Amino acid sequence: MATLKDYKGDTATWCPGCGHFSVLAGIQRACIAMGLEPHEVAVITGIGCSGKVSEYMRCYGFHTLHGRSLPVAQAVKLANRGLKVVAAGGDGDGYGIGVGHFTHAARRNVDITYIVLDNQIYGLTKGQTSPTSKQGFVSRTSPEGAGEQEVRPLELALGAGASFVAQVFAGDIKRMTEIIQQAMNHEGFALVNVFSPCVTYNNTYTYFKEEPLLDLKDVPDYDPTDLNNAYNIVLKNNGRVQGVIYQNNRPAYHTFLAGYPEDPIAFRSIEPDQDVLNELWAEFK
Amino acid sequence: MKKEITFKIGGQQGEGIDSTGEVLAITLMQQGFKIASYKHFSSRIKGGHTYYHIRASHQQVYYPGDTTDILIALDDESYEHNIGSMSPGGYVLLENSKEEKVEQKDGCTVIQVNFSKMAQELGNKIIRNMIALGSAVYLMGMDYKMFQPLVEKKFLRKGQALVDLNINALKKGYEYIQNLGIPPFKVERPEPSEQALLTGNEAFAFGALASGCRFLSAYPITPASEIMEYMKANLPKVGGVAVQAEDELAGLLMAIGAGYAGVRSMTSTSGPGISLKTEALGLAGMSETPVVIVNSQRGGPGTGLPTKYEQGDLNTMIYAGHGDIPRIVLAPSTVEECIRMASMAFNLAERYQCPVIVALDLVLSLNKQTCPDFSPKMLEPIDRGKLLTEKELEELQEFNFKRYRLTEDGISPRSIPGQRGGVHPANSNEHSETGHITELPDIREAMMNKRMGKLKSFKMKGYEFIGGEEKPVQTLFIGFGSTRGVLEEVVRTLQDKGEDVGLAQIKVLHPFQPEGLAELAEKAEKIVVVENNWSGQMAGLIAKELQVAHKIETIRKFDGNPFTLAEILNQYEQLLTKEVV
């Protein structure tokens, strides 16, 4: 059985107190709880502080480009269905430069988990306004207050067809681990939006502690399989909810692929089958 | 007796010109003729002049020719557009709904026929082209019954009635001209041979599949979409996956993801897509991920000429991207070569763990050529390079596998996700041997040297000499891609006139392979680089790599259409005249 020691990668250099430490721990704990070995997990990241997750977690990983983790992650999963594939990135990564990939990944529904470390700021470039910064947010790139309305990740994901949508605050590591595990167990595209405070440029710890998110486990009879419920609870609470907001069991992308093998493509022989080749060649004769 | 016949059918797009041309091309191929063909079309679905040109010969030809022996013109525009390129004594079958007559005009016999009326007589106006084809076949001196096998293959599943309708249509057109008493051409029949007829796109896709490619992700784009369509249809037959990506960038990113995961993978695109994919090209180079990128070039820049031909991406393919990216760029010039180069591309990508770009162009991608019957010998045997087995990895006993191990040849042993003992992060940032981010100057230098140095051992013959036995010549022509066909005929024409010329058709664009070529270039008095772009990108490459700028002349064309033989010969004459003055 793998332990935390097996999952420990390079020493993390995030600012002390950064929410990302908890998210990293949450992913590691979820993998351990699921009985996964590091070689069975692939963590595909974008760049920025959040992109370092693939550095600090020991497993297969790919630190890709800004906003580009999702296409890479989907292909890794399709190429090797035996892997648990987690994509991770920040709010700029997923909802800014990579938002096109995000919406298409949601509707494509490849069986991967996407964890967005949402700190509502560009941290590694030293504190610029991000897509999830609130309208009016003041930074060096919006000195008079951001003019744009913020991206609303939950509504965006629901609208794009994500089959699993969850949100959690990084300060609640137990709940986060539980939700990440649920997401990883979901067969299809699963979004976990994690509010992960940036202690240096946008410290929201106090804000989230003083005004905690509404946890859906405290909402009697909340039914996450109903899309109307999901929209309503998100709209009513202005996105300030925690838990699994929506989950349906629509078939994942690979189930639509004709001839998709039961075993990982990556480990199949690629020596050509002469009969198949002859049959294909006959079409040109 | 002629050993060659050229044919053209012209009309409006959406009138079945393509499929009619194809029916004839396939049938002539089945009869043993070698085929070169060319489709002319524009960027719309219905309307606009289009034609399908076929040259059927006893010898393998790669150029459809400047002239036409038999033209079917389904409208006056097709007549006007194509009458200038008729061979003397040729026949024109011109659709005319008002009158039917035969006259000598523009050096040809123009036969005006009401094909539409004849189609109505058969009760179906869509059969018009087949009637016209029957007429053309009579003029070729061949029998319409030769179409029977193909017509059955195409239509029998839709019922015998449709087969009969097509054969009757061919017969009706055939007999109509026969009854006019017009003497047909006499074309000698070639020896039958096992062969196939396919486009460069089909050939590359087939070759990729045969070489173990099991993943394609791409975005639709002219003139490369057929590659994705072929893979969508056929990858499932070998347990592979084709994904239509949301954009060009994702097309390459997904292929990189699959490549990282250990699956031979590719993306297909054209120039605008290459521009968009450039970011991911750097990712593949930096993370040392094998991936194959097919770029079927079209007219640029911007949206450019979306359905027209150009060879303007040479610089982009070699240089695109910030920083220094290890890459290999290959350029096949015939359909047969597309198959072989597919197998080379996948081997090279895994051997050197870098992106391999294969440069096609619209003419090579979309036009059918005959190709010898497939045999596994056409492919390079599969070589997966330094891909380790799980057993080999476990023997290393590395807690953190050194995916980017510094080795003598710069190529590191590789593991893929799922393998015990190979755990590592692949990385787009500069990284250490274990794949972890670093900014240490020593490691940065070592890693740059490793990545850029690993291609030092890449050596292969970078060109093909055409024009007899390879030897130094007075005038050396240089080209790449689909120009091979016409340049071969340029060389033959000039050699027939007694000139000492030869052609070096470049097959490896990068890393440039000077071996052999340098000597030819040095000993030539003049180098004539023929290419389809404005700035002379190949000429620039040759000048830089071989230090022969002083004797390079260029023949360029960038109007969206391929060179004709006459155009090159004219420009060549002008070069000579310029010197005399």
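Once a new chain begins, its residue numbering starts again from 1 and follows that chain's sequence as written. A letter from A marks each chain and a number from 1 marks each ligand, given out in the order of writing. Only residues with pLDDT of 70 or above have their local features reported here, since the model is predicted, and side-chain atom pairs are shown and tallied only from 80 upward, although totals for entire chains, interfaces and linings are computed over all residues. Just so you know, side-chain values use all the structure's heavy atoms and leave hydrogens and water out.

A few points about the interface of chain B and chain A
Reasoning step 1: The contact rule is simple, with two residues in contact once any of their heavy atoms fall within 4.5 Å. Taken together, the contacts link 75 residues of chain B with 55 residues of chain A.
Reasoning step 2: For the pair chain B and chain A, the two sides together bury roughly 5300 Å², of which 65% comes from carbon and sulfur.
Reasoning step 3: The largest per-residue losses of area from chain B upon contact with chain A belong to Glu246, Phe399 and Val423 of chain B, which jointly make up 11% of the total buried on that side.
Reasoning step 4: A side-chain nitrogen of Lys or Arg and a carboxyl oxygen of Asp or Glu constitute a salt bridge if their distance falls within 4 Å. Where chain B meets chain A, there are four salt bridges.
Reasoning step 5: One salt bridge connects Asp373 of chain B with Lys285 of chain A, and the closest N-O pair in it is separated by 3.2 Å.
Reasoning step 6: Helix numbering and strand numbering both begin at the N terminus, where a helix is a DSSP run of H or I of at least 4 residues and a strand a DSSP run of E of at least 2. Ranked by the residues each element gives to the side of chain B that touches chain A, the list is headed by helix H9 (residues 248-260) of chain B, at eight residues.
Reasoning step 7: Criterion used throughout: strands pair if DSSP finds at least two bridges between them. Where strand E2 (residues 60-63) of chain A lies against strand E16 (residues 425-427) of chain B, three bridges are found, and the strand directions are parallel. Each bridged residue has a counterpart across the sheet, and for Phe62 of chain A the counterpart in E16 of chain B is Ala426 of chain B. The quantity reported as buried area is the accessible area (1.4 Å probe) lost by two parts once they are put together, taken as the sum for both.

As for the sheet that holds strand E14 (residues 355-361) of chain B
All names here are of chain B.
Reasoning step 1: Reading across from one edge, E10-E9-E11-E12-E14-E13-E20 is the order of the seven strands in this open sheet, with mixed pairing throughout. Across the chains shown, the open sheet's two edge strands, defined by having one partner strand only, are strand E10 (241-244) and strand E20 (508-510). Adjacent strand axes in the sheet meet at a mean angle of 20 degrees when their direction is disregarded.
Reasoning step 2: Examined bridge by bridge, strand E11 (residues 265-269) and strand E12 (residues 291-297) share four bridges and lie parallel to one another. Note that in E12 the partner of Ser268 across the bridge is Val294. To obtain an axis, a line is fitted to C-alpha atoms, over the contacting stretch when the element is a helix, and the angle between two such axes runs from 0 to 180 degrees between their N-to-C directions.

A few points about the pairing of E11 of chain B
Moving residue by residue along a regular strand, the side chains alternate between the two faces of the sheet.
Residue and element names in this part refer to chain B.
Reasoning step 1: Three exposure classes are used, based on accessible area relative to the maximum for each residue type with a 1.4 Å probe and protein chains only: buried under 20%, partly exposed in between, and exposed over 50%. Counting buried residues in E11 gives five out of five residues, a clear majority hidden from the surface.
Reasoning step 2: Residues of E11 alternate between two faces, with Ser265, Thr267 and Thr269 on one and Met266 and Ser268 on the opposite face, all of them buried.
Reasoning step 3: When the strands point away from the viewer and the path from the first strand over the helix to the second turns clockwise, the crossover is right-handed. This β-α-β element, E11 to helix H10 (residues 271-287) to E12, shows right-handed connectivity.

Observations concerning the sheet that holds strand E21 (residues 526-531) of chain B
Residues and elements named next belong to chain B.
Reasoning step 1: The five strands are arranged E17-E19-E18-E21-E22 in an open sheet whose pairing can be described as mixed. What marks the edges here is a single partner per strand, and that holds for strand E17 (463-466) and strand E22 (552-556). The mean angle between the axes of side-by-side strands here comes to 25 degrees, regardless of whether they run parallel or antiparallel.
Reasoning step 2: Pairing geometry for E17 and strand E19 (residues 501-506), over four bridges, is antiparallel. Note that in E19 the partner of Ile466 across the bridge is Leu503.

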